[in-house]
Amino acid sequence: GVLDPLGMVIGEGPGADEDRRGIPFVGRAGQYLDKWLDAIEVTREKNAFIGNIVKCRPPGNRDPKPVESDACISYLREQIELIRPRTILSVGRIASGLLIGTPAGIGSLRGRTYYYDGIPLIPTYHPSAVLRNPDLRRPVWEDLKRLGALFEELQSETEQTEV
Ligand code: URA
């Protein structure tokens, strides 16, 4: 992962491909996620850190149980504290709900910027959900544009403080 990343993306948990390779978001959803990030000039090589709520694959791709996400969330909170990303993109209901602290569905959470420990957080749909339902592409694009605008603001701030 990149140090001092502009963006941290947080998903739910490894799928079969991720479990095999030990790297988050390398399967079909991950390749689609890379395309989203690419559209706003973000890549995991250059300026993004990608992680998950749970670090082990829930059997049969079921949702992580509260006891499982509870066991892993403190690890993720420490990761965020160490990495100090400038922004967070949470994908899907599980990651977004846990980080924002609400059981609300992603459809009602998205469309706004939240703050996690002072870090702007933008929730959006999970790439797997968008692969299943193309109607979600438009709202995701709106959320990505919001994130892209945030990046531009942060970058111009950094440039101003560097001169
Ligand atoms: N879905 C996730 O939420 N995370 C991954 O790493 C892969 C698929």
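In case you missed it, the structure is sitting above this.
Residues numbered from 1 in each chain as written. Predicted model: local features only at pLDDT ≥ 70, side-chain atom pairs only at ≥ 80, totals over all residues. Heavy atoms only, no water.

Participant: I'd love a proper account of the overall build of the protein chain, names of residues and values included.
Facilitator: Helix and strand counts for the protein chain stand at seven helices and five strands. From first element to last, N terminus to C terminus, the protein chain shows the α and β order β-α-α-β-α-β-α-α-β-β-α-α. The C-alpha radius of gyration of the protein chain comes to 15 Å, within 12% of the 15 Å expected for a compact globule of 163 residues. Taken over the C-alpha atoms alone, the protein chain extends approximately 50 × 35 × 30 Å along its principal axes. The burial tally for the protein chain puts 48% of its 163 residues in the buried class. A separation threshold of at least 6 residues defines the contact pool for the protein chain, and within that pool the share at least 24 residues apart is 68%. For the protein chain, the computed accessible surface area is about 9000 Å², with 49% contributed by carbon and sulfur atoms. Distance from the positive charge centre (21 side chains) to the negative charge centre (23 side chains) of the protein chain: 7 Å. (Helix = DSSP H or I, 4+ residues; strand = E, 2+ residues; numbered from the N terminus. Rg over C-alpha atoms; globule rule 2.2 N^0.38 Å. Buried < 20%, exposed > 50% of the residue type's maximum accessible area, 1.4 Å probe, protein only. Contact = heavy atoms within 4.5 Å. Areas by Shrake-Rupley, 256 points an atom, 1.4 Å probe, with all protein chains shown as cover. Lys, Arg positive; Asp, Glu negative; His and termini not counted. Charge placed at Lys NZ, Arg CZ, Asp CG, Glu CD.)

Participant: Residue-level account of the site of the ligand, with values.
Facilitator: The environment of the ligand is formed by Gly 11, Glu 12, Gly 13, Glu 18, Pro 24, Phe 25, Asn 52 and His 126. Here a nitrogen atom of the ligand sits 2.9 Å away from a polar atom, N or O, in the main chain of Gly 13. One of the side-chain N or O atoms of Asn 52 is found 2.8 Å from a nitrogen atom in the ligand. Here the ligand, which alone exposes 240 Å², has 92% of that area covered by the protein. Looking at the shell around the ligand, its residues break down into two nonpolar, four polar and two charged. (Near = heavy atom within 4 Å. Polar contact = N/O pair within 3.5 Å; in protein donor to acceptor, adjacent residues only side chain to side chain. Nonpolar A, V, L, I, M, F, W, Y, C, P; charged D, E, K, R; others polar.)

Participant: Residue-level account of the pairing of strand E1 (residues 7-11), with values.
Facilitator: E1 sits mainly inside the fold: five of its five residues count as buried. Residues Gly 7, Val 9 and Gly 11 line one face of E1 and the alternating positions Met 8 and Ile 10 line the opposite face, and both faces are buried. Bridge analysis of E1 against strand E2 (residues 48-52) gives five bridges, and the strand direction is parallel. Paired with Met 8 across the two strands is Phe 49, which belongs to E2. Where E1 and strand E3 (residues 87-91) come together, four bridges link them in parallel fashion. What sits directly across from Gly 7, in E3, is Thr 87. (Pairing = 2+ DSSP bridges.)

Participant: Outline a negative patch on the surface, listing residues and values.
Facilitator: A cluster of acidic residues, Asp 38, Glu 41, Glu 152, Glu 153 and Glu 157, forms a negative patch on the protein surface. Top element by residues in the negative patch is helix H7 (residues 137-162). It accounts for three residues. You can see Glu 157 is positioned in helix H7. (Patch = residues over 30% accessible without salt bridge, like charges linked within 9 Å, V, L, I, M, F, W, Y side chains within 5 Å. Salt bridge = Lys/Arg side-chain N within 4 Å of Asp/Glu carboxyl O.)

Participant: Explain the pattern of salt bridges to me, and be specific about the residues and the numbers.
Facilitator: If you walk through the whole model with that rule in mind, you get seven salt bridges. Here Asp 34 ties to Arg 44 by a salt bridge, and the two come within 3.3 Å at their closest N and O atoms. With Asp 34 in helix H2 (residues 28-39) and Arg 44 in the loop between H2 and E2, the pair connects residues that are 10 residues apart, well separated along the chain. Among the ionic contacts, a cluster of salt bridges with common partners joins Arg 110, Glu 142 and Asp 143.

Treat this as a map of the structure, not an account of what it does.
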